[in-house]
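Tertiary structure, described
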Amino acid sequence: MALILDTATQPLKAVISVPGSKSIANRALMCAALADGTTTLSNLASGDDTAAMIDCLRALHIDITVEGTTATVIGSAGHPNGGGELNARLAGTTSRFMTALAALSVVPSLITGDAPLRHRPMKPLHDALTQLGAQVKSVDQLGHLPVWVSGDALDGGTVSIPGDISSQYVSALMMIGPYLPDGIRLQLTSPLVSRPYVAITASVMSSFGATGIAIGDHTIGVEPCPYVGTSYAIEADASSASYPLAAAAIAGGSVKVLGVGQPALQGDAAFVEVLESMGCQTQATDNSLEVTSTEQLHGIEINMADMSDLVPTLAVVAVFADSPTRITGVGFIRHKESDRIGDLVNGLKKIGCDAVEEEDGILIRPVNFDQLHGAELSTHDDHRLAMAWSLLALRISGISIEEPEVVSKSWPEWWDVRSSLLKASAN
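Keep in mind it's a predicted model, so treat the numbers as computed, not measured.

It is worth spelling out the sheet that holds strand 4 (residues 63-67) at this point. One open sheet holds the 4 strands; their spatial order is 4-5-3-14, and the pairing between them is mixed. Of all strands in the sheet, those with a lone pairing partner are strand 4 and strand 14 (231-233), marking the two edges. If you compare each strand with its neighbour and ignore which way they point, the axes differ by 15° on average. As defined by bridge partners, strand 4 adjoins strand 5 (residues 70-74) across 5 bridges and the pair is classed as antiparallel. Bridge pairing links threonine 65 to threonine 72 in strand 5.

Rendered as structure tokens:
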């Protein structure tokens, strides 16, 4: 059933807490599962992606106890026990990480997922693992899930992999590198996209004791150095923070997000700088980000390759700007949960926007506000589209969203948070 969304009747004034970063959480869970000893993770994200990661690790016989937002993980000392079915559901990160992790077991594991995930590309990762000596056998279509994966005494060494399809391939291989006798050296055959996520991977690995990690423009190296169990606090999710911050830019007023600030481990925390360049006032501390509207938004031209998850957020802000916005460098996001270029453009056109799909991005040109109108918008199984559409509805009446429950992938509480934004402003 479609969810009909309320508009904002006055400027916003709110302080919001966001969940822990699922990107950081899944990397920390991966390292903890391989570590020697026990790890305690705090501020664990509550979304479906994190739950899928935990269930997959348990299928590899990793002992994980979760109480609230805290998880205790007893590591396998680099020896996960294969043989099970690892169902990543809709989680691309989980599927890629589990594919690499399964290669450390001599017993084959079946990595699978829901239908939309089975359509997403996996071949570069499968090819790289095969270069390392792993056994990778697709069940149906080559380079896609489901796939059987196992390994027997992988040596490591140099493998070639493209960098312009998904940084998750690179991160997955990096995280098993410490358990290969020769470590791993990734030779990138194309420019690396979403580089900040690779930096997150290196940071999390270092927190678990890994050393000898080198990230260059064309090569990435990881030396053998096993992880050690630790206590690790997960930073609040900067990608999720973009939605309430963008809400202030669109609806007016001021919104502060707690738990993530600057400097931050996540590159997406720089989104406040993007909103500042569009005319907003911003303030950042080491534990908060705040955006205040000046009631004037200007279009920009920006390469979003390093903040690609926030393209839908920026696109809906651009709808209300007084000049065109061109987003470039993000052709690869066509292969995310949805086609985040084509599906985004089609949704914007449906409400009267002048949006154009380009080879590596999107062009959004301003129209008169009275040309914008409500419509029922599809999420295409994509949590980021759902939350972006909900921002449009702050100013455009009559917008409804199909399958609103898709936000459970990263922020199950989003609809309550959105309601609280409107209520807090009305008081």
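On we go from here.
Looking now at the pairing of strand 20 (residues 354-358). Where strand 20 lies against strand 21 (residues 361-365), 5 bridges are found, and the strand directions are antiparallel. Note on strand 21: the bridge partner recorded for alanine 355 is isoleucine 364. A loop of 2 residues connects strand 20 with strand 21, the two strands running antiparallel in sequence.

What follows is about the packing of helix 6 (residues 167-176) against helix 7 (residues 195-207). Where helix 6 contacts helix 7, the two axes come as close as 9 Å, and the packing angle between them is 15°. By the angle between their directions, the pair helix 6 and helix 7 is classed as roughly parallel. Relative to helix 7, helix 6 is oriented so that their crossing is right-handed. Contact residues: Ser167, Val170, Ser171, Met174 and Met175 in helix 6; Tyr197, Val198, Thr201, Ala202 and Met205 in helix 7. Taken together, the residues of the contact of helix 6 with helix 7 sort by class into 7 nonpolar, 3 polar and no charged.

It is generally the case that most residues other than glycine have a negative phi and that most peptide bonds are trans. Residue proline 146 is bonded to the preceding leucine 145 through a cis peptide linkage, with omega at -5°. Look at the link from glutamine 262 to proline 263: it is a cis peptide, with omega at 5°. Take proline 263: it is sitting in the loop between strand 15 (253-258) and helix 9 (271-277).

The next thing to look at is helix 6. Side chains of residues three or four places apart in an α-helix project in the same direction, reflecting 3.6 residues per turn. Burial of helix 6 is extensive: 10 of the 10 residues sit out of reach of the surface. Looking at helix 6, one finds that the buried residues are Ser167, Gln168, Tyr169, Val170, Ser171, Ala172, Leu173, Met174, Met175 and Ile176. The opening residue of helix 6, the one whose side-chain oxygen lies 3.1 Å from the backbone nitrogen of glutamine 168, is serine 166.

Right, let's talk about helix 8 (residues 238-251) for a bit. With 14 residues, helix 8 should cover 20 Å at 1.5 Å per step; its first-to-last C-alpha distance of 20 Å lies within 8% of that length. For helix 8, a buried count of 14 out of 14 residues is recorded, marking the element as mostly surrounded by other parts of the structure. Of the residues flanking the end of helix 8, it is glycine 252, one or two places downstream, whose phi is positive at about 90°.

This brings us to the pairing of strand 19 (residues 325-328). Relative to strand 19, strand 18 (residues 301-303) is paired through 3 bridges, and the arrangement is parallel. For isoleucine 302, the partnering residue across the bridge sits in strand 19 and is isoleucine 327. For the handedness criterion, the β-α-β arrangement of strand 18, helix 10 (residues 311-318) and strand 19 is classed as right-handed. Here strand 19 pairs with strand 21 via 3 bridges, running antiparallel. Looking across to strand 21, one finds that threonine 325 is bridged to isoleucine 364.

Here is what the cut-offs are and how they apply
In every chain, residue numbers begin from 1 and rise along the written sequence. Per-residue local features are limited, in this predicted model, to residues with pLDDT of at least 70; the limit for side-chain atom pairs, both in listing and counting, is 80 or more; totals at the level of whole chains, interfaces and linings are taken over all residues. With hydrogens and water stripped out, all remaining heavy atoms of the structure feed into the side-chain values. Here, any two strands with at least 2 DSSP bridges between them count as paired. Where helices and strands are cited, they refer to DSSP runs of H or I of at least four residues and of E of at least two residues respectively, numbered from the N terminus. Only C-alpha atoms enter the line fits that serve as axes; for helices the fit covers just the stretch in contact. Angles between N-to-C directions range over 0 to 180 degrees. Oblique is the label for any angle not covered by the other classes, which are roughly parallel (under 35 degrees), roughly antiparallel (over 145) and roughly perpendicular (65 to 115). Crossing handedness is read from the near helix: turned anticlockwise from the far helix by less than a right angle, it gives a left-handed crossing, and turned clockwise, a right-handed one. The contact criterion used is simple: two residues touch if any of their non-hydrogen atoms lie within 4.5 Å. Polar here means any residue other than Ala, Val, Leu, Ile, Met, Phe, Trp, Tyr, Cys and Pro, which are nonpolar, and Asp, Glu, Lys and Arg, which are charged; Gly is therefore polar. Throughout this description, buried means an accessible area under 20% of the type-specific maximum (1.4 Å probe, protein chains only), exposed means over 50%, and partly exposed covers the range between. Pairs of N or O atoms are called polar contacts if they sit within 3.5 Å, as long as, within protein, a hydrogen donor faces a hydrogen acceptor (for residues adjacent in sequence, only side-chain-to-side-chain pairs). An expected span of 1.5 Å times one less than the residue number is assigned to each helix. Seen with its strands pointing away from the viewer, a crossover is right-handed if its path from the first strand over the helix to the second goes clockwise.

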